[in-house]
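Each chain is listed here by its residues.
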Amino acid sequence: MLRGIREQPEETPQPAPRQIFQERQRITGLPLYFQGYLSVRHSRCQEFRVYWTELRGTMLFFYEDKKAPAYSQKLDISALTSATSVYPDENGSAQFILMLSNGELELKANDYEGGKEWKGFILTVTELSVPPDESLLPEQLRRMHEVLEKEKKRRITLNNCSSASLTRKSPPSSTLTTMPACFYAVSRQVAIEMLEKNPSWGNLILRPGSDSKNYAITIRYKLDAPQLKHYKVVSKGTSYIIELERQVTLPSLQDVVNYFVTQTQGKLKPYVIQPHAAEEPVL
């Protein structure tokens, strides 16, 4: 949620430590193209909120701070329709707006150069071409061309995996997909509160486990009265084990979510925040 306001740190952004980088890579399953601090707001009725932000594939991942291993929000920008020009504000920051099919997202960088870079990299991966901006420096253009080639190769690989899976009776989950839409980097208590507050958004949340190494499923369903249950999901190699009376081993977290949905004949529904909810807008 985009609540509160913080000043962006003044120091030059440095890459996250290797261990954190590896954990983010494992969680997102996407290549890192660009990163740094961004102030974000979903609508003009909100205040800006500062996040350490990563551009991975055509997704923006927002972290509460630079050292957080799991993101708190994410945004798919593959459906970007346009972006406004970068313009400075009275504090020297640079703002621009992403026009998406389901709304707008306003972004603010520390300075004008930073704003141009962010917009340039975003347009590169969404339009699959480096923007013809004469104000971009040669080094910035070189890095954008490198990212362009990486993104083209990623999409070719993704398309090949999708095509190959159509020929199999039981297509395996692609390792290139992101976390399930119902994953939120929240505690057990916060997950319970989310399910209780907005039952129409779903009744199943995937979240980090208490040990921060594994995962957990929190569900809320109604019989005579609302019932809450939590299931541990253990990460082992390239598989995930649901700890039930008889353990179930699956190849991906999306398959874990799908298992609960299919086993309950659709009575469990992944909890997905609705971007146009009447309450507070979210990413």
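Rules and cut-offs
The residue count restarts for each chain, going from 1 along the sequence in the order it is written. Under the rules for a predicted model, residues below a pLDDT of 70 receive no local features and side-chain atom pairs below 80 are neither given nor counted, while totals for whole chains, interfaces and linings still include all residues. Side-chain calculation: all heavy atoms of the structure are included, whereas hydrogens and water are not. A pair is scored as a salt bridge if a Lys or Arg side-chain nitrogen falls within 4 Å of a carboxyl oxygen belonging to Asp or Glu. Burial classification: accessible surface area is computed with a 1.4 Å probe over protein chains only, and a residue below 20% of its type maximum counts as buried, one above 50% as exposed, and the rest as partly exposed. Only DSSP runs of H or I reaching four residues or more are called helices, and only runs of E reaching two or more are called strands; each is numbered from the N terminus. DSSP calls a pair of strands paired once it identifies at least 2 bridges connecting them. Axis definition: a line fit to C-alpha positions, over the contact stretch in the case of helices; interaxial angles, taken between N-to-C directions, run 0 to 180 degrees. Any two residues whose heavy atoms approach within 4.5 Å at even a single point are treated as in contact.

Visitor: Please explain the pattern of salt bridges as it appears in this structure.
Guide: Summed over the entire model, instances satisfying the criterion amount to twelve salt bridges. Here E54 and R56 are joined by a salt bridge, their closest N and O atoms 2.7 Å apart. Residue R56 is classed as buried on the basis of its relative accessible area, which comes to 0%. Between E117 and R143 there is a salt bridge, with its nearest N and O atoms 2.8 Å apart. Taken together, the positions of E117 in helix 2 (residues 112-127) and R143 in helix 3 (residues 138-165) put the pair 26 residues apart, joining distant regions of the chain. Exposure remark for E117: the relative accessible area of 14% places this residue in the buried category.

Visitor: Please clarify how unusual backbone geometry should be interpreted in this entry.
Guide: The general pattern is negative phi for most residues beyond glycine and trans for most peptide bonds. The backbone phi angle of L128 is positive, close to 55°, even though this residue is not glycine. Judged by its relative accessible area of 30%, L128 is partly exposed.

Visitor: Explain the sheet that holds strand 11 (residues 226-236) here, please?
Guide: In a beta sheet, neighbouring strands are held together by backbone hydrogen bonds and run either parallel or antiparallel to one another. Spatially, 9-10-11-12-13 is the arrangement adopted by the five strands of the open sheet, whose pairing is antiparallel. Here the strands that pair on one side only, and so sit at the sheet edges, are strand 9 (204-208) and strand 13 (248-250). For this sheet the average axis-to-axis angle between neighbouring strands, irrespective of direction, equals 25°. Bridge count between strand 12 (residues 239-242) and strand 13: three bridges; the pairing is antiparallel. Among the inter-strand pairings, I241 is bridged to a residue of strand 13, identified as T249. Sheet contacts for helix 5 (residues 253-263): strand 9, strand 10 (215-222), strand 11, strand 12 and strand 13; angle to strand 12, the most-contacted strand, approximately 30°.

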